Amino acid sequence: MLLLFLHILLSFRLNGVASSRCTTTTTSKTFKQCMTLPTQQASLAWSYHPHNATLDLAFFGSFISPSGWVGWGINPTSPEMTGTRALIAFPDPNSGQLVLLPYILDPTVKLQKNPLLSRPLDIHVLSSSATLYGGRMATIHNGATIQIYATIKLVPNKTKIHFIWNRGLYVQGYSPTIHPTTINDLSSTTTIDVLSGATAKTHSNIMPLKTLHGAINAISWGLLLPIGAITARYLRQIQSIGPAWFYAHAGVQIFAVFLGTVGFSIGIKLGELSPGRVYGLHRKLGFAAFCLGWLQTLALLFRPKTTNKFRKYWKSYHHFVGYACVFLGVVNCFQGFEVMGESNSKAKEEKLKREGVLGGGFEKGSCSSSRG
C-alpha cells in the first residue's frame, strides 16, 4: 500500500523533468522565434516572412541508434502522422554519410502494408538541409544531435501549421522503419501559429484528466477493493462483531466499484481526446477489471440464502471473481503509472544531462538539397 501511494504522489510530478532549451541561433542562421517541443527533447526555431508567405525553420532532434533516423514534417490538414509531408535524415546505407530525403506518410505506411519510399513532396519546399552537431568529426550515434533546416512557401494567410516529428531505430535500405510506440513517440505533434508563436489549446484539459483518472483509479481499484477483500477474509473470523464484517465488506466494495466506474469513464474520455495513442495492455486490463467489478456487484442481487443448495456454487463464483478483480485492478494501477511515464523518468533525466543544450555549433558534415 505504501508503494502504491508513493506512485500516486509521483504521478503529480509527471512534468517535472525539464526539456531541452530551444535556441534561435545556429552558426549559419539566426531565427526570430523558437520553441521547445513537448517530446523527445526536440526543439524548433523559425522566421516567418508575411510579405511572401515563406517560412525559414530549423528542427533540432537526436538519434536513438547509429543506424536510425530522425524526421520532421508538416501535415497540411490535421495534427497526426497520416498525411504528413516529411523530411527524414539517416546514414546512407552505402557511404554512411548523412542523407535527407522527402517522404509522404500515407495510410498504407501507418498500417505497415507497404515500406516507406522516398518521393517528391506536394508542398513548396524551396530548400532543405541536415547537419550533425559537432563539426567534421561528428558521427551518427545514439544521442547524436541533428539540425534539419527547410525553407517552405506557405499558403498566404494560413499561419497555423501542424508540425510532426519522430525518430526510429533503423532503416532498411532507404526506407525508415516504424518508430517506437511509447507515449512520447505517439505524442510528437503540435500546432503552432508561426506568426504569433502561439500553440494550439486543443485538449489542454488532458493532463488534469490524466491526473484525476490515475488518482481515482488508484484509490478505488488499487486501495479500496483490496481493503474490502481483506475485511471479508479476516474480520469474519471475529465472532464478537457479528455480521458487521459483511456490511463493511459490501459497503467498501460497492463504493469502490462506483468510484472505479467514474475513473473508467474518465479513461474512455481520455481515449477520445488522444487519437492515435493506444495503450493496449492498460486498456484491456481496465475493461476486464471493470466488467469483473460489476459482475461481482450485481451478483449480490442473486445471493442465495445459507440453506440454499446453490449457496456453495455462488460462494465459489464470488471468491474467484472477487480475487480476479482485485488482482487485475492492482496490476492495472501499476500499468497505468508505467504508461504515464514514471518508469522512464530517470532515463529522461540522464539523457538531458548527456545531451545538454541543442543549439549552436553546427558545422560541416551536412547534407542539403534544394527545389525550385
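Residues numbered from 1 in each chain as written. Predicted model: local features only at pLDDT ≥ 70, side-chain atom pairs only at ≥ 80, totals over all residues. Heavy atoms only, no water.

A.B. asks: Looking at this structure, I do not really get the packing of aromatic side chains. What am I missing?
C.D. replies: Two aromatic rings are characterised by how far apart their centres lie and by the angle between their planes. In this structure the tally under the stated criterion is 10 aromatic pairs. Aromatic side chains Phe 90 and Tyr 174 sit 6.2 Å apart centroid to centroid with 65° between the ring planes, which places their arrangement in the edge-to-face category. Note that Phe 90 is positioned in strand β5 (residues 85–91) and Tyr 174 in the loop between β10 (171–172) and β11 (175–176), a separation of 84 residues in sequence. For Tyr 174, a relative accessible area of 34% gives the class partly exposed. (Phe/Tyr/Trp six-rings, centres within 6.5 Å; stacked < 30°, edge-to-face > 60°. Helix = DSSP H or I, 4+ residues; strand = E, 2+ residues; numbered from the N terminus. Buried < 20%, exposed > 50% of the residue type's maximum accessible area, 1.4 Å probe, protein only.)

A.B. asks: Explanation requested: helix α4 (residues 206–234) in the structure shown.
C.D. replies: Note on helix geometry: an α-helix contains 3.6 residues per turn, so any two residues three or four positions apart are oriented the same way. For α4, built from 29 residues, the straight-helix expectation of 42 Å at 1.5 Å per residue is met to within 8% by its first-to-last C-alpha distance of 41 Å. At Leu 224, α4 is deflected by roughly 30°, the largest bend along its length, and proline Pro 226 occurs up to four residues later in sequence. Across the 29 residues that make up α4, a large majority, 21, are buried. (Expected span 1.5 Å × (residues − 1). Bend = angle between axes of the 7 residues up to and from the residue.)

A.B. asks: Looking at this structure, I do not really get empty space enclosed by the protein. What am I missing?
C.D. replies: Summed over the entire model, instances satisfying the criterion amount to 1 cavity of 30 Å³ or more. By volume, the largest cavity amounts to about 30 Å³. Elements that contribute at least two residues to the lining of the largest cavity include exactly β3 (54–62) and β9 (160–168). When the residues that make up the lining of the largest cavity are grouped by side-chain class, the tally is 4 nonpolar, 4 polar and 1 charged. (1 Å grid on protein atoms, 1.4 Å probe; cavity = no way out; pocket = protein on both sides within 12 Å on 5 of 7 lines; lining within 4 Å. Points joined across faces, edges and corners; volume = space filled by probe spheres on them. Nonpolar A, V, L, I, M, F, W, Y, C, P; charged D, E, K, R; others polar.)

A.B. asks: Whenever I open this one, the pattern of salt bridges confuses me. Can you help?
C.D. replies: A side chain of one charge can pair with a side chain of the opposite charge if their charged atoms are brought near each other. Throughout the structure, instances matching the rule amount to 3 salt bridges. Linking Asp 56 and Lys 29 is a salt bridge whose minimum nitrogen-to-oxygen distance equals 3.8 Å. Of this pair, Asp 56 sits in strand β3 while Lys 29 sits in the loop between α1 (2–11) and β1 (33–36); the two residues are 27 residues apart in sequence, bridging distant segments of the chain. Lys 29 sits in the partly exposed class, given a relative accessible area of 28%. Between Asp 106 and Arg 119 there is a salt bridge; the shortest N-O distance is 2.8 Å. (Salt bridge = Lys/Arg side-chain N within 4 Å of Asp/Glu carboxyl O.)

A.B. asks: When you look at the sheet that holds strand β4 (residues 69–75) in this model, what are you seeing that I'm missing?
C.D. replies: Sheet strands associate in pairs through backbone hydrogen bonding, adopting either a parallel or an antiparallel arrangement. Ordered by their spatial adjacency, 5 strands build an open sheet running β6-β5-β4-β9-β12, and the pairing between neighbours is antiparallel. Looking at the sheet topology across the chains shown, the edges are occupied by β6 (98–104) and β12 (189–193). With direction set aside, neighbouring strand axes in the sheet form an average angle of 20°. With 5 bridges joining them, β4 and β5 adopt antiparallel strand pairing. Counted as the bridge partner of Val 70 is Ala 89 from β5. (Pairing = 2+ DSSP bridges. Axes fitted to C-alpha atoms, helices over the stretch in contact; angles between N-to-C directions.)

A.B. asks: Would you mind going over the packing of helix α6 (residues 280–298) against helix α7 (residues 311–339) with me for this structure?
C.D. replies: Describing two packed helices takes the angle between their axes plus the distance from one axis to the other. Axis separation between α6 and α7 bottoms out at 8 Å; the angle between their running directions is 150°. The angle between α6 and α7 places the two elements in the roughly antiparallel class. When you trace α6 past α7, the crossing you get is left-handed. Classifying every residue of the contact of α6 with α7 by side-chain character gives 13 nonpolar, 10 polar and no charged. (Parallel < 35°, antiparallel > 145°, perpendicular 65-115°, else oblique. Left-handed = near helix turned anticlockwise from the far one by under 90°.)

A.B. asks: I keep staring at the packing of α4 against α7 and nothing clicks. Help me out?
C.D. replies: Interhelical geometry of α4 versus α7 gives an angle of 150° and a closest axis separation of 9 Å. The orientation of α4 with respect to α7, classified from their angle, is roughly antiparallel. The crossing of α4 and α7 is left-handed. For the pair α4 and α7, contact is made by Asn 217, Ala 218, Trp 221, Gly 222, Leu 225, Pro 226, Ala 229 and Arg 233 and by Tyr 323, Cys 325, Val 326, Gly 329, Val 330, Cys 333 and Phe 337, respectively. (Contact = heavy atoms within 4.5 Å.)

A.B. asks: Looking at this structure, how should I read the side chain of Gln 335?
C.D. replies: Mapped onto the elements, Gln 335 comes out in helix α7. With sequence-adjacent residues up to four places away left out, Gln 335 is seen in contact with Leu 281, His 282 and Leu 285.

A.B. asks: Teacher, can you tell me more about a nonpolar patch on the surface here?
C.D. replies: On the surface, Leu 235, Ile 238 and Ile 241 cluster together to form a nonpolar patch covering roughly 200 Å² of accessible area. Following the sequence through the fold, Ile 238 ends up in the loop between α4 and α5 (244–273). (Patch = residues over 30% accessible without salt bridge, like charges linked within 9 Å, V, L, I, M, F, W, Y side chains within 5 Å. Areas by Shrake-Rupley, 256 points an atom, 1.4 Å probe, with all protein chains shown as cover.)

A.B. asks: I tried to follow the confidence of the model for the chain on my own but got confused; where do I start?
C.D. replies: Reading predicted coordinates in detail is not appropriate for stretches of low pLDDT. Within the chain, residue pLDDT values average 81, and 81% of them lie at 70 or more. Low pLDDT, under 50, characterises residues 1–19; the stretch is placed with 32 contacts to residues that sit more than four places away or in other chains. (pLDDT = per-residue confidence, 0-100.)

A.B. asks: Sorry if this is basic, but what is going on with the nonpolar core here?
C.D. replies: The tendency in soluble globular proteins is for nonpolar side chains to be buried side by side. Grouped together as the largest cluster of nonpolar side chains are 35 residues, with contacts concentrated most on Leu 44, Leu 57, Phe 59, Trp 72, Ile 146 and Phe 163. Among the elements of the structure, β2 (43–49), β3, β4, β5, β6, β7 (124–133), β8 (145–153) and β9 are those that each provide at least two residues to this core. For this core, the element with the most residues is β8, which contributes 4 residues. In this structure, Trp 72 is in contact with Leu 44, Leu 57, Phe 59, Arg 85, Ala 86, Leu 87, Ile 148, Ala 150, Ile 152, Phe 163, Ile 164 and Trp 165, ignoring residues within four places of it in sequence. Trp 221, Leu 225, Leu 285 and Leu 328 belong to the second-largest nonpolar core, a separate cluster that totals 13 residues. (Core = buried A, V, L, I, M, F, W, Y, C linked by side-chain atoms within 4.5 Å.)

A.B. asks: Can you walk me through unusual backbone geometry in this structure?
C.D. replies: Generally, phi is negative for residues other than glycine and the peptide bonds are trans, each holding for most cases. Here Gln 40, not a glycine, exhibits a phi torsion of approximately 65°, which is positive. Its identity is not glycine, yet Ala 53 carries a phi of approximately 55°, on the positive side. On the secondary structure map, Ala 53 appears in the loop between β2 and β3. Judged by relative accessible area, which is 3%, Ala 53 ranks as buried.

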